[in-house]
Amino acid sequence: MHGMLQIKLLGKLEAQVREMPPVQRFRSTSSAAVLAYLALFINRAVSKDEICDAVWPESDRYLARSALRTALHSLRAAVSNGMPGDALIRSDRNSVWLDPDFVTCDHKLFQDQAREGLSASSASDRSELLARAFHIVNGPLLPEIEDWWVRPHKIAFEEVFGQAVSQLIRDLTALDQVETAIAIGRLAVSVAPLREDIHIELIRLFNSLGRGSEAIKQYELLEGLLVEQWGEHPSDAATQALDSQPEVRSISTIASAVRAQATRMFGREAETRYIVGLLSGGARLVSIVGFGGCGKTAIAKAVMDHFDKAVFVDLATIRTLDSVMSQVAAAIGMRDAIFEKLPKHVAAEIERCGILLVLDNAEHIVGKVSDAVAALLSDTTTCRVLVTSRTPLGLASERVLRLNPLPLPETEWPLARILETPTVQMFEHRARFVSDCFAVTTQNVSAVVELCRRTDGIPLAIELLAAKVESLSPAQILVRLADRTHTLKRASADISTRHRSLELAAAWSYELLDSNQQRALRALSVFRQSFALEDAEVIAACAIGGDTVEALFRASLLEQEVHDGDVRFRMLAPLRGFAWDRLLQHGEMEEVCLRHRKRYLEKAEQIWRDIDGGSPGKAADEAKLDEHNFLQILDWSIDWPDWAPDALRLCSCLTHYVNLRARNSVWMPRLQRLLQVHEDTLDDESKARGWVAVGAIAMFQPDMALCLSSLRKGFNLYQRLGNKVNIAGAANTLGLALVCMPHNDPHNVEEALPLLARALEDIDGQDDAAHWNPKTLRAAILSNLAAGYRVQNRNLEALESLREGLRLALAAGAYRYVPGIQLGIADNLMDLCRFDEAKLFASSAFESAESIDSLFLKFQSRMTLAWTCHELGEKRTAVEAACEGLLLARKTGSAYAVATALIAMACLLQSLGHGVIAQALFDCACRVSPLELGNIRGPAASSIPEMCANSVPGLPIGPDDPVIDELVSLARAMLLQSGTSPGS
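Predicted model, so just to flag it, every value in this text is computed and none were measured. (Residues numbered from 1 in each chain as written. Predicted model: local features only at pLDDT ≥ 70, side-chain atom pairs only at ≥ 80, totals over all residues. Heavy atoms only, no water.)

## So, the overall build of the chain
Scanning the chain from terminus to terminus reveals 45 helices and 14 strands. Out of the 984 residues in the chain, the part that is buried amounts to 56%. Look at the contacts in the chain between residues 6 or more apart in sequence, and 69% of them connect residues 24 or more apart. For the chain, the computed accessible surface area is about 41000 Å², with 50% contributed by carbon and sulfur atoms. (Helix = DSSP H or I, 4+ residues; strand = E, 2+ residues; numbered from the N terminus. Buried < 20%, exposed > 50% of the residue type's maximum accessible area, 1.4 Å probe, protein only. Contact = heavy atoms within 4.5 Å. Areas by Shrake-Rupley, 256 points an atom, 1.4 Å probe, with all protein chains shown as cover.)

## Looking at the pattern of salt bridges
Applying the stated criterion across every chain yields a total of 47 salt bridges. Between Asp-112 and Lys-108 there is a salt bridge, with the nearest N and O atoms lying 2.6 Å from each other. Remark: Lys-108 and Asp-112 occur in helix H4 (residues 106-119); sequence separation between them is 4 residues, near one turn of the helix. In this structure, Arg-570 engages Glu-561 in a salt bridge whose closest nitrogen and oxygen atoms are separated by 3.2 Å. (Salt bridge = Lys/Arg side-chain N within 4 Å of Asp/Glu carboxyl O.)

## Brief notes about the sheet that holds strand E2 (residues 14-17)
On the basis of which strands lie adjacent, the open sheet formed by 3 strands has the order E2-E1-E6 and mixed pairing. Pairing within the sheet leaves two strands with one partner each, and these edge strands are E2 and strand E6 (103-105). Here the strands of the sheet are splayed against their neighbours by 20° on average, with no regard to which way each runs. Sheet topology note: the strand E1 (residues 5-8)/E6 ladder contains 3 bridges and is parallel. (Pairing = 2+ DSSP bridges. Axes fitted to C-alpha atoms, helices over the stretch in contact; angles between N-to-C directions.)

## Brief notes about the sheet that holds strand E4 (residues 89-91)
Strand order in this open sheet of 3 strands is E3-E5-E4, and the pairing throughout is antiparallel. Lying at the two open borders of the sheet, with one neighbouring strand each, are strand E3 (46-47) and E4. Two elements, E4 and strand E5 (residues 95-98), share 3 bridges in a ladder whose sense is antiparallel. Across the sheet, Ser-91 pairs through a bridge with Val-96, a residue of E5.

## Comments concerning the environment of Arg-186
On the secondary structure map, Arg-186 appears in helix H7 (residues 178-191). Arg-186 sits 13 residues away from His-199 along the chain, and the two C-alpha atoms are 8.6 Å apart. Beyond its immediate chain neighbours, meaning those up to four positions away, Arg-186 contacts Leu-202, Phe-206 and Glu-214. At 2.9 Å, the side chain of Arg-186 and the side chain of Glu-214 are in polar contact. (Polar contact = N/O pair within 3.5 Å; in protein donor to acceptor, adjacent residues only side chain to side chain.)

Written out as structure tokens, the structure reads:
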């Protein structure tokens, strides 16, 4: 590649100026994202607002513009190399672009070279051009960036890459360059492993060379990848390429079966049957209510097919009550009725003929339609009316069916399940209207799933996307959706104007609201997901109340969700984007976002008090419901420095929740990034909070190196600040980490004990300015001191400290500490061989952990119970407890916990004489997590050295790998045969 600045997106993101070393580390992830975005659209100037929407999607436009200026400044500094950086990265008032005279991008070069190669007429010309394109590729597109805006480009790149490589393999084979073709194919599948077309070319090539075993291996590799990703076997084309292999279930067969069953209704059959049942069973007025484009009219027409006489009246252009009646009269064939008596004549005719009257699109004149329907119902005894509207009519006899969005597919589902999803079925069906040969296969399913998920299950959005298949592949449609210069519209004469785009559909509903409701809708777009009514009232301030939310819900602009009896609301994604744009246009975003931050910081502080107090389980449940709102504040704070102290305060308050609910992997990256980005501007108190929070979360991952380094930073900062209770709190967390370190290193314990003892002395008095509650902190310190005593075999001192800690925790209502203290008592009693007492405390610890709903403590309780029962000779109960511990470990998502449970099961089985399966479980545990085996304690752990010596290394596996289930099932079967059944 030539050019002063060379940008690589294929493989690790890097920028190289002339012959200088490539820049691979950027000042921030935002800077890297900006460079990647500009490089993806290197062929045009990109508006600054477009970049802000992609890289800082939730930020105020002014703040996002400021962050963009900072990112551009750092990028220009990184690539300047003695010349003005703005000569390479150009900008004006509204746009930013890379100067094509000085900048090249491997992604663009590959696309151009591949297109030129695929269009060449001769094999020699094609192979030369496609080989050049292939050698540009150093890996997948931007593998380190997972933001929503890059996924369409990844899918599109893999599609072009697969086509180019497949053609190149064919051309090289035709030119007798077979080994080169094989080498290229093998490299290509490492870049795009799920491209079936590349595998097929290799299989054909191996078979043509008589290398059948390699063809079989290639087929098996493809089959393994497809089964793991989509739950499907290779297609007929792959099977035919293998030639001699038995026929397998193919994608095309599945897709054909789905198409054969497809009708014009998708996922709405139950609603159709329900309405038909209502109208046939005596209901006289049924209203189908939902957001524009959700399929109300389609259901109404499907209902009409179940009645002998039904009349359809479109009210979209009607504005008056008289016009409603006139339109109905015309629809039922009345021409000569006297106008003054028209309502009664219409009612009489409908009743005489037994007509089902369908009134479509009533939302803009809902009051007038309500009056007309009320008159019809009062003048008849059997008249039945079906109405579609975004708002109910509000009549007493009205039965309302609210349409929810269609269910969405998940990316990790098997292909067969994805093909059963109504949104995917509808997309495929509608796409076949414009492209007869279209089908959802393993090659395009990722793009189709992504497209369907972007519709939020709105049928109109699905139809608009599927119509693009006439000229574009699903991957290409995704790319155009990512490019803000393209809009999602269709222009058909038979489609109402407001249904020709999602923007128009949303605008139609928005314009029907009064000014207060419009302002409320704009404010509610601040919520990413669901929200409670009381939160909406606070954040939207005077613009909103319960009546306003109800009005928006009645207008089908909000969805309703129920969580354990609590009603919450949610805005559909397409409507939220529309409302968010209006919020920005009205200049209201900063005010609304500040209220959002204040509200959820207050909620985080209350959750912290409740978790530390008498209702930890309930508080954690409440935190889970609003977790997306808390995370939203962290995400905003990355780019808004003034928010960072409050965001770290929020993290500190929710640390206990994060550990209770095993949400470490979600919170840790955001928290670390927040500290990294704002390290130079944060005050010491905020940094102290943040580092202790990082350490506390890392302790439960576990990442003890990160845990200790972070806690030491936080402790040193608190010492500098001087608040004794805060120093004691940080010392307590650091002491706990030192005691829990792998192998219970005596040196760590020797450091921890004086640290904890000093902490006890520092919390004699209440301190309202402290971040910790002295009463609960004292109980925690006593518990951690006991853990240190146990390592030094001072079990009686440990028990005394634990019993005092338990008393203080119960007195302070700090139930979060109770199961941990009870487990500590059980452990020390086991060390003293008082197993009956230890069993009681292990059982009590599980009950206490259940009361606060702590997965991790429930797991630990069950493992402790397994050890005690083993020593008491209660083998069956021991294995039952270990099996339950494994289930709980898997729920935590912690590989370390799963491995610990597997090793405990292995030790128990070894002691029961099942050495072979015990060794297999032990080896499996070592593949799940690199365990510190010296930290696993318990009487049966004496068998660990022998299993460690006999261990056979293997490739790493995940904590949910099916091999674990197979081994546990085998262990259960063996125990059953030997008379030691572990139960169900």
